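# Structural features, examined
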Amino acid sequence: MGPLPGVTVVSRAASGAPAMPPPGGVPAPPPGGRGVYVAVNGHGTPDEAPRQPWPERRTRQRRLYDLAVADIRQGAAGVVLAVLCALGAALSVAPAGSGAPLWAACTAALWVAWAVRPVWFVGPALPRRGSLRNFVLLTALCLLMLGAMAWLPGPRGLLWAVLGLVALAVAAALAPLGAAALLSLLLPGCVALAHWQQGAGGMGDAFTSLGLLLLPCVVLAGWATRRQARWRSRALAWLEREEALRLLAAQRDRAVRADGDKTRFLANASHDLRQPVHALGLFAATLEQRLGGSDHEPYVRNLLRAVDGLDRAFNVLLDVSRLDAGTVQPKAQPVALRDVFQRLYVQFSGRAELAGLNLRFAPGGKWVSSDPQLLERLLANLVQNALKYTERGGVVVVARSAGRHVHVEVWDTGMGMAAAELPRVFDEFYQVGHGGARTRSRGLGMGLSIVKRLAQLLGHGLTVASLPGRGTVFRLSVPRTGPCPAAEVPAPPLVARVPAARMVMVIEDEEAIREALGGLLREWGHEAVVAASAQEAAQAQRALARAPDLIVSDLHLGEGPDGIAAIAAVRRHWGLEVPAVLVTGDTTPPELRRVSESGLEVMVKPVAAGRLRNLLQRLAG
């Protein structure tokens, strides 16, 4: 029994006091072998997310800082280029023997190291506060080394102008760091200090030096502020886009997980539902055999109709599963539409007559290139859909030549569809005339969805046209071909012949299905050897005087070997290719591919009693 809502689930070792749940509903690491997990946090809503370890504001600041560091590294090359140009200008005007080359070489090496390998000076990469402080100190040292240019002999106006341009480049590069861009003011400061020292030291020189300091400071501060504001605006917009993409990715991942969970749930539910329906059909067929001709026969027939309805619904879902699993591979060959139309008429003429509708087929002697089974199933769905939505008039299926193709058209005089509904009629579970809502009397709403899948698989064109109140036409475009001469029928493989008195080995782990199938086979006059697993089948066959005539095995047989292995073991024991049928209720795509590749004949639960009897008769022939 699971925990009640609002109860904290606590697991612990065999000894020791129970651990207390951590605050905020966050799982804690298990200290000393004890584990704690808070299933429901009673102090918040069920959907409340656990509190993040870092506040959102600090997280955003860290991301901005990372972007700033990345932008500074990109702009470092431009700063170094401006510094090298400034050093070249200083060397060109510096007198010989002034020591300027040595100073220029040291300054250039320091700036190159600042741009290329700051780790040598400031340690590991950011974001560490100590690293930022060291980076600021390194930048200040580089600026002071370059600011020594203000004291070089030569044309002071040229040198000071060059330093001003370098200060602008440094301010632009450091703008993402905000206040750190003010380090560029060190260069105007050096110019002002050099002017004051090289002057007479009077009040006039002091005011001039102050002007040389304040004016660049104002310009640089405004320039850096504007650059930093623009950069921050772009960075915040980028972070918002990144956050939106992250949320979309998270939603996509949740949707993918939810879709996978839904698929697994439906597969498990389908398997669990198929098992009792399969047993119900077998028990109903046994009752029909025993109560035939009695007063209870009408009730049994009504029960069989209900089981047949369930069987049809499951078969529709099975068709979708097989198509999605890729286990259906078309085999194109010349097909006479006359034969396909004749089988469709036999299948649907009774239904049309009961509904008071006309049903006509006009093949016109046409031959097409397609897979005969898949083409027949596609057209059967179209005819069934036309009869379902037609109350008066009838349905006509006609083949028309159109160049290298044959247009197979299904016309009806039903309710028709509005133009807005035409793109949706091939959607799953969509039904016309009810706003897309599904009504149980008209099936699952999967028929046309299967038609579209089959048309895509076969590579045939499919169009639909309709007029409300007048009717609908579906047109299938199939490649045209010429008549094919009768092909030589290949010899059947050498298998054990099924005699008149048949012995059937049933391997089924579900007790209800095992008893139902065994009882039905005995009602039909056959000998049934039942086993619940591959091991029981191996034990049972040791007591047999001859090989069984047919093996009917479930795919999943509990913990032991599966049905494929059980059939192979029985065949190895007798040294014969005993005819075998694999029955499964698992319609997941991997399992459908696996049973298809096994080479065995496969029947999917629920298996109607009539299909099972036809199979026995076919194997006996």
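Look up a bit, the structure's there.
All figures in this text were calculated on a predicted structure; none of them were measured in a lab.

So, how was this worked out
Residues numbered from 1 in each chain as written. Predicted model: local features only at pLDDT ≥ 70, side-chain atom pairs only at ≥ 80, totals over all residues. Heavy atoms only, no water. Buried < 20%, exposed > 50% of the residue type's maximum accessible area, 1.4 Å probe, protein only. Helix = DSSP H or I, 4+ residues; strand = E, 2+ residues; numbered from the N terminus. Pairing = 2+ DSSP bridges. Axes fitted to C-alpha atoms, helices over the stretch in contact; angles between N-to-C directions. Contact = heavy atoms within 4.5 Å. Core = buried A, V, L, I, M, F, W, Y, C linked by side-chain atoms within 4.5 Å. Phe/Tyr/Trp six-rings, centres within 6.5 Å; stacked < 30°, edge-to-face > 60°.

## Description of the pairing of strand E4 (residues 358-362)
Here E4 shows a clear split, with Leu359 and Phe361 buried on one side and none of Asn358, Arg360 and Ala362 buried on the other. The sheet contact formed by E4 and strand E6 (residues 394-402) spans five bridges and is parallel. Residue pairing across strands places Ala362 opposite Val398, the latter belonging to E6.

## Observations regarding the sheet that holds strand E10 (residues 503-507)
Strand pairing in a sheet takes place through backbone hydrogen bonds and is either antiparallel or parallel in direction. Spatially, the five strands line up as an open sheet ordered E11-E10-E12-E13-E14, and their pairing is parallel. Where the open sheet ends on each side, the last strands, each with one partner, are strand E11 (527-531) and strand E14 (601-604). Between one strand axis and the next, the sheet turns by 20° as a mean value, whatever way the strands run. Inspection of the sheet shows E10 paired to E11 by five bridges, in the parallel sense. Residue pairing for E11: Met505 is matched across the bridge by Val529. Where helix H13 (residues 534-542) meets the sheet, it contacts E10 and E11, and its direction lies at approximately 155° from that of E10.

## Examining the nonpolar core
Note on soluble globular proteins: their nonpolar side chains tend to be buried together. Formed by 51 residues in total, the largest nonpolar core has its most connected members in Trp111, Trp114, Leu146, Met149 and Leu174. Elements that contribute at least two residues to this core include exactly helix H1 (56-93), helix H2 (100-116), helix H4 (129-147), helix H5 (156-174), helix H6 (186-198) and helix H7 (203-291). No other element matches the twelve residues that H1 contributes to this core. Contact partners of Trp111, with chain neighbours within four places excluded, come to Val79, Val80, Val83, Cys142, Leu143, Leu146 and Val170. Ranked by size, the runner-up nonpolar core spans 40 residues in total, among them Leu337, Ala380, Leu422 and Leu454.

## Some remarks on the environment of Leu476
By the secondary structure assignment, Leu476 is in strand E9 (residues 471-479). The exposure class of Leu476 is buried, given its relative accessible area of 0%. Each C-alpha atom of the pair Leu476 and His407 lies 5.5 Å from the other, and the pair is 69 residues apart in sequence. If sequence neighbours within four positions are ignored, Leu476 has contacts with Leu375, Leu378, Leu379, Val406, His407, Val408, Ala455, His460, Gly461 and Leu462.

## Re the packing of aromatic side chains
Counted by the stated rule, this structure contains three aromatic pairs. Residues Phe341 and Phe361 carry aromatic rings whose centres are separated by 5.6 Å and whose planes lie at 50° to one another, so their mutual orientation is tilted. Within this pair, whereas Phe341 is found in helix H9 (residues 337-354), its partner Phe361 is found in strand E4, the two being separated by 20 residues in sequence. Side by side, Phe341 and Phe361 carry an identical accessibility label, which is buried. Classification of Phe361 by relative accessible area gives buried; the value is 18%. Among the aromatic residues, those joined into a cluster by ring pairs are Phe341, Tyr345 and Phe361.

## Some points on the pairing of E9
When you tally the buried positions in E9, you get seven out of nine residues, the bulk of the element. Of the pairings in the sheet, the one linking strand E7 (residues 405-412) to E9 comprises eight bridges and is antiparallel in character. Note on E9: the bridge partner recorded for Val410 is Phe474. Strand direction decides the pairing type here: strand E8 (residues 461-467) and E9, joined by seven bridges, are antiparallel. Bridging from a neighbouring strand, Val464 pairs with Phe474 of E9.

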